[in-house]
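Chains, contacts and geometry: an overview
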Amino acid sequence: MSHVEQVETTLVDIEAVKAACTRLGVEFVEGKKNYKWFGRHVGDHPLPKGVKQEDLGKCDHVIRLPGCDYEVGLVKLKAAKGYTLAFDFWGPGKMLQKKFGNKMEHLVDAYSVEALKLQAKRKGFMAKESVVNGKIHLTVTGF
Amino acid sequence: MKQVKFIIGDGKVEIEASGFKGGACDAATKGFEEILGGNVSGKKRKAEFHQIETAKAVQSIGKGGRG
């Protein structure tokens, strides 16, 4: 054994995001600059840290769940590489949470799996996927 | 056998590198860490990470003793 570590995933590779969307059966709309939400902030919930009211609804790409009126926006991070996910969790947003997780964790996990498989492929390694106790295990060999 | 195992769940990824000696494990996982955003925490070294360094120290002592 050599080392063990933990990574809190940030979405950085758009090709991997596209693959994650295919994996989940949802649509990636590249370059769409607005995600569908209620349309105005009613003040019943604080804004996320670093987000201004005029930022709401704006994004760099969109993830669309068929049958849902709201969408998930990918918003480029200002101080780091990659994207954060923005969505309205009220009303139709409940459908987004059911599909992607309350904090989008299922979407992030799908990204992680596809990004790791993509990186393994790019480096010429072999990747084997399995599910153990509800978690996805990916074993990469060929170093 | 050199391998890297990823356990994915709840928005986090646990990475376990095995079969590597010395710092080779860091090089092996670097590209994977980057594509996940690079926010690494709790890195723990295992026994074989130190194997190369220990071997070099023994060789140095041996050469000094002969001289």
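Above this note sits the structure.
Heads up: these notes are all about the structure in this document. (Residues numbered from 1 in each chain as written. Chains lettered and ligands numbered in written order. Predicted model: local features only at pLDDT ≥ 70, side-chain atom pairs only at ≥ 80, totals over all residues. Heavy atoms only, no water.)

Attention now goes to the pattern of salt bridges. All names here are of chain A. Inspection of the entire model under this criterion finds 13 salt bridges over all chains. Note that Asp13 is salt-bridged to Arg122, the shortest N-O span being 2.9 Å. Of this pair, Asp13 sits in the loop between β1 (3-8) and α1 (14-24) while Arg122 sits in helix α3 (residues 105-122), and the two are 109 residues apart along the sequence. When the shortest N-O distance is used, the salt bridge between Glu114 and Lys117 registers 3.6 Å. Of this pair, Glu114 and Lys117 both sit in helix α3, separated by three residues, roughly a single helical turn. Of the residues examined, Lys117 reaches a relative accessible area of 29% and is grouped as partly exposed. (Salt bridge = Lys/Arg side-chain N within 4 Å of Asp/Glu carboxyl O. Helix = DSSP H or I, 4+ residues; strand = E, 2+ residues; numbered from the N terminus. Buried < 20%, exposed > 50% of the residue type's maximum accessible area, 1.4 Å probe, protein only.)

Bringing helix α2 (residues 93-100) of chain A into the picture now. Residues and elements named next belong to chain A. Of the residues making up α2, those classed as buried are Gly93, Leu96, Gln97 and Phe100. One face of α2 carries all of its buried residues, which in axial projection span an arc of 100°. Those residues of α2 hidden inside the fold are in contact with α1, β3 (61-64), β4 (71-76) and α3. (Arc of directions from axis to C-beta. Contact = heavy atoms within 4.5 Å.)

Quick look at the layout of surface pockets now. All names here are of chain A. Taken as a whole, the largest pocket holds about 1,300 Å³ of empty space. Lining the largest pocket we find 38 residues, and of these Pro48, Val51, Leu85, Ala86 and Phe87 sit closest to its centre. Elements with a contribution of two residues or more to the lining of the largest pocket: β4, β5 (83-86) and α3. At three residues, the largest contribution of residues to the lining of the largest pocket is made by β5. Taken together, the residues of the lining of the largest pocket sort by class into 18 nonpolar, seven polar and 13 charged. (1 Å grid on protein atoms, 1.4 Å probe; cavity = no way out; pocket = protein on both sides within 12 Å on 5 of 7 lines; lining within 4 Å. Points joined across faces, edges and corners; volume = space filled by probe spheres on them. Nonpolar A, V, L, I, M, F, W, Y, C, P; charged D, E, K, R; others polar.)

What follows covers the packing of aromatic side chains. Within the structure shown, the criterion is met by three aromatic pairs over all chains. Ring centres of Phe125 of chain A and Phe143 of chain A lie 4.3 Å apart, and the angle between their planes is 35°; on these two criteria the pair is classed as tilted. Pair noted here: Phe125 of chain A is in the loop between α3 and β6 (126-132) and Phe143 of chain A is in the segment after β7 (135-141), with a separation of 18 residues, a long-range link. Residue class for Phe143 of chain A comes out partly exposed when judged on its relative accessible area of 29%. Between Phe6 of chain B and Phe32 of chain B the ring centres are 5.1 Å apart and the planes differ by 55°, which places this aromatic pair in the tilted class. In this pair, Phe6 of chain B is assigned in strand β1 (residues 3-9) and Phe32 of chain B in helix α1 (residues 24-35), connecting sequence segments 26 residues apart. (Phe/Tyr/Trp six-rings, centres within 6.5 Å; stacked < 30°, edge-to-face > 60°.)

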